[in-house]
Amino acid sequence: MNILEISDLQMSFGTNHVLRGLNMEVPEHAIFGFVGRNGVGKTTTMKIVLGLLKAQGGSVTVCGETVSYGATRTNRHIGYLPDVPEFYGYMRPREYLKLCGEITGLAPAKIKSRSEELLELVGLEGVNRRIGGFSRGMKQRLGIAQALLNEPRLLICDEPTSALDPIGRRQVLDILSAIKGRTTVVFSTHILSDVERICDHIAVLEQGQLALSGTLAEIQKQQRRNSFRIRFATEAEATAFTQLEELNRGGVELILDGKELQISCEDGSIDGQKLVDLLSEHRLAPENFEAMEPTLEDLFTEVVT
Amino acid sequence: MKHYFVFLKKELMEYARTYKLLILLAVFTIFGMTNPLIAKLTPDLLANFMPGGMTITIPEPTALDSWAQFFKNTQQMGLIVLLLVFSSVLAGEISKGTLINLLTKGLMRQAVIVAKYGAMLLVWSISVGLSAFLTWVYTAYLFPGDGVSQLVFAVFCMWLFGAFLLAVLLAASTVAGGNYGGLLLTGLAVVALLTLNIVPGALKYNPVSLASRSMELAANAIDKSVLYPAVAVTIPAALGLIGIAVLVFRRKQI
């Protein structure tokens, strides 16, 4: 079942067409990495899902209910963590969570128990000073606590790690990994290593539409190019190999770097067996022969350039 | 209704912890304590500052002079401080993004506007009430036996004008951008209302007359019924402005 469905979403700011018929589906219990360059429309999409921005076309459903602009009822299913969550600096963490709980309509006893549980989850259980004195990482962790307060079915995180140092990033990613299975997480970012680390589904937004979508394995399979790296014993052997007629035609890309040769073939006419045959035929014994899987960064770069 | 009370509580906590409440109470307490004192001491001060050989005749101060100080201070410095202190209560939340978390939790947008107005009105009422009470106590002590007519209605008119200005500020803050856009629009609205007085008959209905003619009321120069039309215009105007603020804020992209 899909917890979030976006259909033909359109949004422009003046002449800048940010979303051009975006279609996206987020399956329940996924950690969904929503990837794209800065300014490509990730935050706009999330704000439309939250009913904070009015789309110029298309529809969004959360848990099967249509999102409407303004005070949308679908937000009772959602927890939201902005990229830089802003709090009332004069409040203490428990006071802020109490305010959020009262707005959500939780019972006082539930607010208290849930607040303690979440503050422990995000490592702020012993902190009772005013939020104004918090570091960015602490604010981000408190942001996760407030977003999870009403036990949402969908947690939307807008670049939660982009402003954090490596330790803060690791803490936030650990927390998001820990809630997997209980809550679906949509996690927008342009930090690809974060996505590879925790996300099981990935979508790449480019030019207002999804350029890639699926699990990392599916995307790698869709975008697979036969790519190999061969390290020869000498530079002369490597150079000689690049001269072969079979490798010097359209669709085959050769990158020679000293003794190392990288071969990519878009049309599939060169595969591992073919290369092994060529090496054998020309009596070449490489030191290393490796089939290369495209990384998410390779795929992302290919899509956005 | 529940959201209104939750947000009202948050607003009052904010005023208390960010010193907004303290500043207003301090200013209006100082006004309240010094109004009668200034009235009492003004003749002596003027006499002391006169060059040698020069004499002026100043009438003996009365309770009316003390209340004249009250209305002058409240109408000028008091309202300016009030507007400055509250100028960013809505605009600040929009520009900083502090409302986003709460709105995504289902906070009703109309509750934000109504609670903010309710909290500002409460603080304004306490401030002006405290200042009036202190002025009354010290006036009774320094000018025993002096009575001032139509005083309660005159103070009410001053309070109502402040309440009207707060409604203008809130409505302006939903329309204007930035922390001081609302303040600027409020200033322009006051200038427009003052300019309106050049239209014959407008003074009778103009909310500005609630503040500008309060001293005439206290001095018994006009009957309170003269200001009834202005009261009748100001109350629905303030409520209408809050209604406009709610409508604009409900459509505002945050």
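Residues numbered from 1 in each chain as written. Chains lettered and ligands numbered in written order. Predicted model: local features only at pLDDT ≥ 70, side-chain atom pairs only at ≥ 80, totals over all residues. Heavy atoms only, no water.

Colleague: Sorry, what's going on with the overall build of chain A here?
Modeller: The secondary structure content of chain A amounts to ten helices and 14 strands. In terms of overall dimensions, chain A is more spread out than a globule: its C-alpha atoms have a radius of gyration of 24 Å, far above the 19 Å expected for 305 residues. Looking at the 305 residues of chain A, the share that counts as buried comes to 50%. For chain A, long-range pairs separated by at least 24 residues make up 67% of all intrachain contacts whose partners lie at least 6 apart in sequence. Summing over all exposed atoms, chain A offers an accessible surface of approximately 13700 Å²; the carbon and sulfur share of this is 45%. Counting 33 positive and 41 negative side-chain charges, chain A places the centres of these two groups 10 Å from one another. (Helix = DSSP H or I, 4+ residues; strand = E, 2+ residues; numbered from the N terminus. Rg over C-alpha atoms; globule rule 2.2 N^0.38 Å. Buried < 20%, exposed > 50% of the residue type's maximum accessible area, 1.4 Å probe, protein only. Contact = heavy atoms within 4.5 Å. Areas by Shrake-Rupley, 256 points an atom, 1.4 Å probe, with all protein chains shown as cover. Lys, Arg positive; Asp, Glu negative; His and termini not counted. Charge placed at Lys NZ, Arg CZ, Asp CG, Glu CD.)

Colleague: What's the story with the overall build of chain B in this structure? I'm lost.
Modeller: Tallying secondary structure elements over chain B gives twelve helices and zero strands in all. Going from the N terminus to the C terminus, chain B shows its helices and strands as α-α-α-α-α-α-α-α-α-α-α-α. With respect to the three principal axes, the spread of C-alpha positions in chain B is 70 × 45 × 35 Å. Each of the 254 residues in chain B was classed as buried or not, and the buried ones make up 50%. Across chain B, every contact between residues at least 6 apart in sequence was considered, and the portion connecting residues at least 24 apart equals 84%. Of the accessible surface of chain B, which amounts to about 11700 Å², a share of 72% is contributed by carbon and sulfur atoms.

Colleague: Just to check I follow, could you spell out the domain arrangement of chain A for this structure?
Modeller: The extent of an interface is frequently quoted as the accessible surface area lost upon association of the parts. Per the domain assignment, the segments of chain A are domain 1 (2–221) and domain 2 (224–295). With centres defined by C-alpha atoms, the gap from domain 1 of chain A to domain 2 of chain A works out at 44 Å. (Domains from an automatic or database assignment.)

Colleague: Please clarify how the sheet that holds strand 5 (residues 65–66) of chain A should be interpreted in this entry.
Modeller: What holds strands together in a sheet is hydrogen bonding between their backbones, with the strands either parallel or antiparallel. Residue and element names in this part refer to chain A. Here we have four strands laid out as an open sheet, ordered 2-1-4-5, and antiparallel in their pairing. Of all the strands in the sheet, the pair left with one neighbour each is strand 2 (16–27) and strand 5. Strand direction decides the pairing type here: strand 4 (residues 57–62) and strand 5, joined by two bridges, are antiparallel. If you follow V62 over to strand 5, its bridge partner there is E65. (Pairing = 2+ DSSP bridges.)

Colleague: Just checking my understanding: could you explain the packing of helix 6 (residues 109–142) of chain B against helix 7 (residues 151–175) of chain B for this structure?
Modeller: Angle between the axes and distance between the axes are the two parameters that describe a pair of packed helices. Residue and element names in this part refer to chain B. Axis separation between helix 6 and helix 7 bottoms out at 10 Å; the angle between their running directions is 150°. Relative to helix 7, the element helix 6 lies roughly antiparallel. Helix-helix and strand crossings are classified by hand; for helix 6 and helix 7 the assignment is right-handed. Mapping the contact onto sequence places I113, K116, Y117, M120, L121, W124, S125, V128 and A132 in helix 6 and V155, M158, W159, G162, A163, F164, L166, A167, L170 and T174 in helix 7. (Axes fitted to C-alpha atoms, helices over the stretch in contact; angles between N-to-C directions. Parallel < 35°, antiparallel > 145°, perpendicular 65-115°, else oblique. Left-handed = near helix turned anticlockwise from the far one by under 90°.)

Colleague: Even after reading the chapter, I still don't get the interface of chain A and chain B, so can you show me in this structure?
Modeller: Listed per partner, the contact involves 29 residues of chain A and 29 residues of chain B. With both chains or domains summed, chain A and chain B bury close to 2600 Å², and 55% of this area falls on carbon and sulfur atoms. Three residues, Y88, Y90 and I103 of chain A, lead the burial of chain A against chain B; their summed loss comes to 27% of the area buried on that side. If you look at where chain A meets chain B, you find two salt bridges. Here K9 of chain B and E102 of chain A are joined by a salt bridge, their closest N and O atoms 3.3 Å apart. Of all the secondary structure elements, the ones that give two or more residues to the side of chain A that touches chain B are strand 6 (78–81), helix 2 (93–104) and helix 4 (136–148) of chain A. Looking at the side of chain A that touches chain B, the element that brings in the most residues is helix 2 of chain A, giving eight residues. Looking at the side of chain A that touches chain B, its residues break down into 16 nonpolar, five polar and eight charged. (Buried area = accessible area lost by both parts, 1.4 Å probe. Salt bridge = Lys/Arg side-chain N within 4 Å of Asp/Glu carboxyl O. Nonpolar A, V, L, I, M, F, W, Y, C, P; charged D, E, K, R; others polar.)

Colleague: What is the right way to look at the pattern of salt bridges in this model?
Modeller: All names here are of chain A. Under the defined criterion, the tally for this structure stands at 24 salt bridges over all chains. With its nearest N and O atoms 2.8 Å apart, the salt bridge here joins R197 to D174. Of this pair, R197 sits in helix 6 (residues 192–198) while D174 sits in helix 5 (residues 166–178), and the two are 23 residues apart along the sequence. Using a relative accessible area of 47% as the deciding quantity, one classes R197 as partly exposed. Residue D174 is classed as partly exposed on the basis of its relative accessible area, which comes to 39%.

Colleague: How should the side chain of T174 of chain B be read in this particular structure?
Modeller: Of note, T174 of chain B is situated in helix 7. In this structure T174 of chain B touches L90, I113, A245, V248, F249 and K252 of chain B, once residues within four positions along its chain are discounted.

Colleague: Help me out: how do you make sense of the environment of D257 of chain A in this one?
Modeller: Along the chain, D257 of chain A falls in strand 12 (residues 252–257). Separated by 18 residues in sequence, D257 of chain A and T239 of chain A place their C-alpha atoms 9.6 Å apart.

Colleague: Would you mind showing me how to read the sheet that holds strand 8 (residues 184–189) of chain A here?
Modeller: All names here are of chain A. Strand order in this open sheet of six strands is 6-7-8-3-9-10, and the pairing throughout is mixed. A strand with exactly one partner marks an edge of an open sheet, and here the two such strands are strand 6 and strand 10 (209–214). Each strand axis lies, on average, 15° off the axis of its neighbour in the sheet, ignoring direction. Where strand 3 (residues 31–35) meets strand 8, five bridges bridge the pair, whose relative direction is parallel. Across the sheet, the residue bridging to V35 is T189, located in strand 8. Along the sheet, helix 1 (residues 42–49) contacts strand 3, strand 6, strand 7 (154–158), strand 8 and strand 9 (201–206); its crossing angle with strand 7, the most-contacted strand, is approximately 145°. Across the sheet, helix 4 is in contact with strand 6 and strand 7; its angle to strand 6 comes to roughly 170°.

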